[in-house]
Amino acid sequence: MSLFDLSPEQQALRQTVREIAQARVAPRAAEIDAKSEFPADIWQVFREQQLMGLGVPEVYGGAGLGYLEQAIAVEEIARADTTSSLLPAVQELGLLPILLGGSEAQKQRWLPPIASGEQLVAFALTEPGAGSDAAALRTTARRDGDHYVLNGGKRFITHGSVAHVLTVFASTDPAKGPRGVSAFVLEAGTPGFRTVRLEDKLGIRGSPTAELVFEDCRVPATNRLGEEGDGFPLAMATLDRTRAGIAAQALGIAQGALDAATAFARERKQFGAAIGTFEGLQFMLADMAMQVEAARGLVYRACAALDEAEAAIAAKLAAGGAQGVRAHRLDAATQTLSAMAKCFASDAAMRVATDAVQIHGGYGFTRDYPVERMMRDAKITQIYEGTNQIQRLVIARALLDM
Ligand SMILES: Cc1cc2nc3c(=O)[nH]c(=O)nc-3n(C[C@H](O)[C@H](O)[C@H](O)COP(=O)(O)OP(=O)(O)OC[C@H]3O[C@@H](n4cnc5c(N)ncnc54)[C@H](O)[C@@H]3O)c2cc1C
């Protein structure tokens, strides 16, 4: 029994995604990891099952689901395979700047193929010198007639090498610092844009993480999202929302690791008995289950808060309140909950997956069992979309009102 009451529709969604994930994703997880292979076949399955545009409003061809429903879907996929859960999660990350900051014409142009999953989208903010301090980005976008000319580079961009469309953050006025950052939609194939390298990673090995370069890359001015200077608030408004998705991914990894450890503890015999009969391991399993259930409560609560905050913002916009990118900034309480969920669930995933390996003994250290992959995959959830140190800063600053 969950501590969080889901509606019948939400429970049905969980069941549907669970069946897809267990039947189609789980059997491929080890191979995707071993071959460091982008899971194009799983992308195709998710397209067919309409799992690629979960958060896109129906008017643009998406499923129109809220953050809680998206979290449930990502959790169930990550329970089977973290790399595959990035397919819908990174779509949401890449498309949100268009949804929050784009004009009606821009939304109609780019969102439908992203919502159907025909096109992949990536979010390009991080640079070699600008990670946690994203505002320190150095990529420039110089206006030249009816185009902007992009120069610079990005690092660690998930799906950057396979995306058809990328939301790119670049400075149109370096003297203004974060206030001079603007956001652009860049279509793959634009001259001057290329992938120079893919990372060889500890985990999520099937998910391509790209280093990108822009050399005199000309982007039409009509591809700018919002006004010049709207880029940084747009990036933050996006990440405040998508952190809950990473929290859900971490929750799925933790649940998957707990499932595997529980099954192993029932079957593995030592000293003439199943190892699950030993109190030392029972206490470990009980602690793992508590971590998972506590994470689930916090993740779902954060998502429910995000859904309420989004509805309040939509109502204000509809009533003619302040328009523009800044109107999408979330209230501090919701931002904090999102940070708490990401931080807690990813720390829980790391602990639970590590303990799952321990419960497997030597077998857990081999690729014959999924828990070593889950342990490697869990690590990234403590790092990307804002490290857990940065999440703790967000939480502490809200507490201290600083
Ligand atoms: C696999 C992968 C996929 C990624 N996908 C994307 C993507 O799709 N798009 C994108 O834009 N980015 C992406 N990233 C980038 C990711 O968000 C950054 O790596 C992350 O924000 C940290 O930045 P950094 O790596 O430069 O570390 P740094 O910022 O250099 O941090 C190094 C260490 O210092 C700590 N630290 C930094 N500042 C503080 C502080 N003020 N107080 C306390 N501790 C601090 C950090 O917590 C960390 O432990 C991805 C990264 C990886 C590894």
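Given the structure is predicted, the values throughout are model-derived calculations rather than measurements.

Participant: Kindly report on the environment of S171, identifying the contributing residues and their values.
Facilitator: Residue placement: S171 occurs in strand β4 (residues 165–171). Note on S171: relative accessible area 6%, which makes it buried. Measuring from C-alpha to C-alpha, the distance between S171 and A183 comes to 8.6 Å, with 12 residues separating the pair along the chain. A polar atom in the side chain of S171 sits 3.3 Å from the backbone nitrogen of D173. Reaching out from S171, the side chain makes a polar contact with the backbone oxygen of G180 at a distance of 3.5 Å.

Participant: Would you mind going over unusual backbone geometry in detail, with residue names and values included?
Facilitator: Positive phi, close to 55°, is recorded for Q50, a residue that is not glycine. Note on placement: Q50 falls in the loop between α3 (40–48) and α4 (67–80). Its identity is not glycine, yet D216 carries a phi of approximately 45°, on the positive side. Mapped onto the secondary structure, D216 falls in strand β7 (residues 209–220). Judged by its relative accessible area of 52%, D216 falls in the exposed class.

Participant: Can you explain a nonpolar patch on the surface? Please cite residues and give values.
Facilitator: A cluster of nonpolar side chains, contributed by L399, L400 and M402, occupies part of the molecular surface with about 420 Å² of accessible area. A relative accessible area of 73% means that M402 is categorised as exposed.

Participant: An account of the domain arrangement of the protein is requested, with residue identities and associated values reported.
Facilitator: With domains assigned, the protein is organised as domain 1 (8–116), domain 2 (121–225) and domain 3 (231–400). For domain 1 versus domain 2, the distance between C-alpha centres works out to 23 Å. In this assembly, 24 residues from domain 1 lie in contact with 21 residues from domain 2. Here domain 1 packs against domain 2, burying approximately 1800 Å² in sum over the two surfaces, 67% of which is carbon and sulfur. Its largest share of buried area at the contact with domain 2, domain 1 owes to F38, V90 and W110, together 26% of the area lost on that side. Summed over the shared surface of domain 1 and domain 2, the result is one salt bridge. For E187, the salt bridge identified is with R109, shortest N-O distance 2.9 Å. On inspection of domain 1 and its partner domain 2, the count reaches nine residue pairs in polar contact (both at pLDDT 80 or more). Taken together, the elements giving at least two residues each to the side of domain 1 that touches domain 2 come down to α2 (29–34), α5 (82–101) and α6 (104–116). Looking at side-chain class alone, the side of domain 1 that touches domain 2 contains 13 nonpolar, eight polar and three charged residues.

Participant: Outline the side chain of E92, listing residues and values.
Facilitator: Here E92 lies in helix α5. Buried charge E92 goes without a salt bridge, the closest partner of opposite sign being R241 at 7.1 Å. Other than its neighbours up to four places away in sequence, E92 contacts G55, Y67, Q70 and T242.

Participant: Describe the site of the ligand, naming the residues involved and giving the relevant values.
Facilitator: By nearness alone, 19 residues border the ligand, and T126, S132, F156, T387 and Q389 come closest of all. Residue S132 places a side-chain N or O atom 2.6 Å away from an oxygen atom belonging to the ligand. Between an oxygen atom of the ligand and a main-chain N or O atom of E385, the distance comes to 3.5 Å. Coverage of the ligand by the protein amounts to 65% of the 970 Å² it exposes when considered alone. Applying the majority rule of atoms within 2 Å of the grid points places the ligand in the largest pocket. If you list the elements that add at least two residues to the shell around the ligand, you get β3 (147–158) and α11 (388–400). Of the residues that constitute the shell around the ligand, the class distribution is 10 nonpolar, seven polar and two charged.

Participant: Residue-level account of the pairing of β3, with values.
Facilitator: Summarising the sheet, strand β2 (residues 140–144) and β3 pair through five bridges and their orientation is antiparallel. When the bridges of β3 are listed, A141 appears paired with L150. Here β2 folds back onto β3 in antiparallel fashion, the turn holding two residues, of which G145 has a positive phi close to 65°. By the bridge criterion, nine bridges tie β3 to β7 in an arrangement that is antiparallel. Bridging from a neighbouring strand, H147 pairs with P220 of β7.

What counts as what
Residues numbered from 1 in each chain as written. Predicted model: local features only at pLDDT ≥ 70, side-chain atom pairs only at ≥ 80, totals over all residues. Heavy atoms only, no water. Helix = DSSP H or I, 4+ residues; strand = E, 2+ residues; numbered from the N terminus. Buried < 20%, exposed > 50% of the residue type's maximum accessible area, 1.4 Å probe, protein only. Polar contact = N/O pair within 3.5 Å; in protein donor to acceptor, adjacent residues only side chain to side chain. Patch = residues over 30% accessible without salt bridge, like charges linked within 9 Å, V, L, I, M, F, W, Y side chains within 5 Å. Areas by Shrake-Rupley, 256 points an atom, 1.4 Å probe, with all protein chains shown as cover. Salt bridge = Lys/Arg side-chain N within 4 Å of Asp/Glu carboxyl O. Domains from an automatic or database assignment. Contact = heavy atoms within 4.5 Å. Buried area = accessible area lost by both parts, 1.4 Å probe. Nonpolar A, V, L, I, M, F, W, Y, C, P; charged D, E, K, R; others polar. Lys, Arg positive; Asp, Glu negative; His and termini not counted. Near = heavy atom within 4 Å. 1 Å grid on protein atoms, 1.4 Å probe; cavity = no way out; pocket = protein on both sides within 12 Å on 5 of 7 lines; lining within 4 Å. Sits in = over half its atoms within 2 Å of the grid points. Pairing = 2+ DSSP bridges.

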